[in-house]
Amino acid sequence: MDLKDKKIVLGVTGGIAAYKAPGICSLLRKAGAKVKVVMTQAATEFISPLTFRTMTDNLVYTEMFNDHPVVAEVDHIELAKWADIIVIAPASGNTIAKIAYGIADNLLTSMMLAYRCPVIIVPAMNTYMLNNPATRQNLQTLRDRGMIVLGTHIDLLACNDVGDGKMLEPYEIVDEIDTALRVKDLAGKKFLISAGPTIEAIDPVRYLTNHSSGKMGYELAREAYKRGAEVTLVSGPTALQPPKVSKLINIKSTQDLFDAVNENFDQTDVLIMAAAPADFKPKDKSSQKIKKEEKDEMTLNLAPNPDVLKTMGQKKKGQVLVGFAAESENELVYGQKKIQKKNLDMIVINNITAKDAGFKTDTNKVFIVDRDLKVEDLKLMTKTDLANVILDRTLEKLK
Ligand SMILES: Cc1cc2nc3c(=O)[nH]c(=O)nc-3n(C[C@H](O)[C@H](O)[C@H](O)COP(=O)(O)O)c2cc1C
């Protein structure tokens, strides 16, 4: 998240989803953004301006004509000038229509004639209102004007109908705001990123796997996408909500991972292998569940899996190849060997026994080692921040 000191105007209109708008303010404030809220009269029927005043620590704007403390200030113009981005959430069918037609009959719609920054429209309404040709056409008009119109979820709606029209969750909206405001320094570049563990079936019930949570790979994919890259994420089974990317490929085994990476490798500019593929798989997978029987021990024979990184290292024609190494001892020695053995451009080495680093944590402490064996000893940081450092270094290699 890179929203520190960003100036955000949040427009709130008269829909039941207005109850979620304080959640958006809360996340934005936590990310260090400055927020001003503009409400329509209908919105004040659903939620009190006092809630927003408290959550934003700012005046809340509801009236077109008012006794403003600053006499010379014309709110709809000043707000439009102040904003780095305007987000309307929820955006009612009514307000969407007014913006599409340039009607300026309240403070929010007047500001929408004076705006000069990126705009995100977050619709929320009953399915029939959303699918009405008038609304569809109005939303298309806003898209054609360059506004970002977000989708909706299908769910049980407040009106008791099940269907499309539920507003996105606050964290999804804040992610979109962050994306819209990012510098697109990776635009035009294709990233292939793998994440998570693989699982190797023993029988239809049991499998071999490892502790990888997918967090590091998901943060890399999320941040690369926000920075404008075309991102294909190849993901092993994880418990995480996948980030928004250009293409998501779900895989299970190392062989699946190999096939997916191999198929997409020629078209990519960068391959980042943050997945933790199993090096071995059961030699003979049983098609039936293996019975317990009265045995003292059981032997599982393993066969090697294909080495994805090594194969891509042999195949590469100008692609930047970034590997990861998770080691529990002598991490620099193993990492440096891996960079040469697999023909990598860069390797990120973590010692999985270090405090707050490695599997399942939100933070990581790593070394980044270059092809010419230059070592960068990074401090403990969030996986999101580390993802951006890795992307910065990758961008240097692309240049
Ligand atoms: C209980 C209730 C819930 C409503 N929910 C929505 C909604 O989710 N989306 C919407 O577009 N309109 C909804 N409306 C209708 C709007 O409030 C109405 O069109 C209003 O004129 C919108 O004004 P505004 O766009 O100025 O905020 C709802 C109305 C009521 C009474």
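All of the points below concern the structure found in this document. The shown structure was predicted, so the numbers you read here are calculated from the model rather than taken from an experiment.

So, about the pattern of salt bridges. All told, the structure shown has 26 salt bridges when counted by the stated rule. With its nearest N and O atoms 3.7 Å apart, the salt bridge here joins E78 to K81. On the criterion of helical spacing, the pair formed by E78 and K81 is a turn pair, its members being three residues apart in helix α4 (residues 75-82). Overall, E78 belongs to the partly exposed group, its relative accessible area being 28%. In this structure, the salt-bridge partner of D178 is R182, at a minimum N-O distance of 3.1 Å. Salt bridges sharing common partners tie together D175, D178, R182, E219, R222, E223 and K226.

This brings us to unusual backbone geometry. Following A89, the chain continues into P90 via a peptide bond in cis, with omega recorded as 0 degrees. Phi is positive for D57, which is not a glycine, with a value near 55 degrees. Structurally, D57 can be placed in the loop between α3 (49-56) and β3 (60-61). Classification of D57 by relative accessible area gives exposed; the value is 62%. The residue N343 is not glycine, and still its phi comes out positive at about 55 degrees.

Further remarks concern the side chain of T13. The topology assignment puts T13 in the loop between β1 (7-12) and α1 (21-30). What makes T13 buried here is its relative accessible area of 1%. Of the polar contacts made by the side chain of T13, one reaches the backbone nitrogen of S92; its length is 2.9 Å. Apart from residues no more than four positions distant in its own chain, T13 is found in contact with A18, T40, A43, I88, P90, A91, S92, T95 and L108.

What follows deals with the sheet that holds strand β21 (residues 375-377). Strands sit in the order β13-β12-β9-β14-β17-β18-β20-β21 across an open sheet of eight strands; the sheet is mixed. Sheet topology places β13 (247-250) and β21 at the edges, where each strand pairs with a single neighbour. The mean inter-strand angle of the sheet, taken between neighbouring strand axes irrespective of direction, is 15 degrees. In the sheet, strand β14 (residues 270-273) pairs with strand β17 (residues 320-327) via four bridges, with the strands oriented parallel. In the sheet register, V270 faces β17, and the bridge partner there is V320. Contacts from helix α12 (residues 308-315) reach β14 and β17 within the one sheet, and its direction differs from that of β17 by about 155 degrees.

Our focus in this paragraph is the site of the ligand. Surrounding the ligand, one finds 14 residues, the nearest of these being G14, T40, S92, G93 and T95. At 2.7 Å from an oxygen atom of the ligand is found a side-chain nitrogen or oxygen belonging to T40. Taking 640 Å² as the accessible area of the ligand by itself, protein coverage stands at 62%. The set of elements that each furnish at least two residues to the shell around the ligand consists of α2 (41-46) and α5 (93-101). Sort the elements by how many residues they give to the shell around the ligand and α5 lands first, with three residues. The class makeup of the residues in the shell around the ligand is six nonpolar, eight polar and no charged.

The rules behind the values
- Residues numbered from 1 in each chain as written.
- Predicted model: local features only at pLDDT ≥ 70, side-chain atom pairs only at ≥ 80, totals over all residues.
- Heavy atoms only, no water.
- Salt bridge = Lys/Arg side-chain N within 4 Å of Asp/Glu carboxyl O.
- Helix = DSSP H or I, 4+ residues; strand = E, 2+ residues; numbered from the N terminus.
- Buried < 20%, exposed > 50% of the residue type's maximum accessible area, 1.4 Å probe, protein only.
- Polar contact = N/O pair within 3.5 Å; in protein donor to acceptor, adjacent residues only side chain to side chain.
- Contact = heavy atoms within 4.5 Å.
- Pairing = 2+ DSSP bridges.
- Axes fitted to C-alpha atoms, helices over the stretch in contact; angles between N-to-C directions.
- Near = heavy atom within 4 Å.
- Areas by Shrake-Rupley, 256 points an atom, 1.4 Å probe, with all protein chains shown as cover.
- Nonpolar A, V, L, I, M, F, W, Y, C, P; charged D, E, K, R; others polar.

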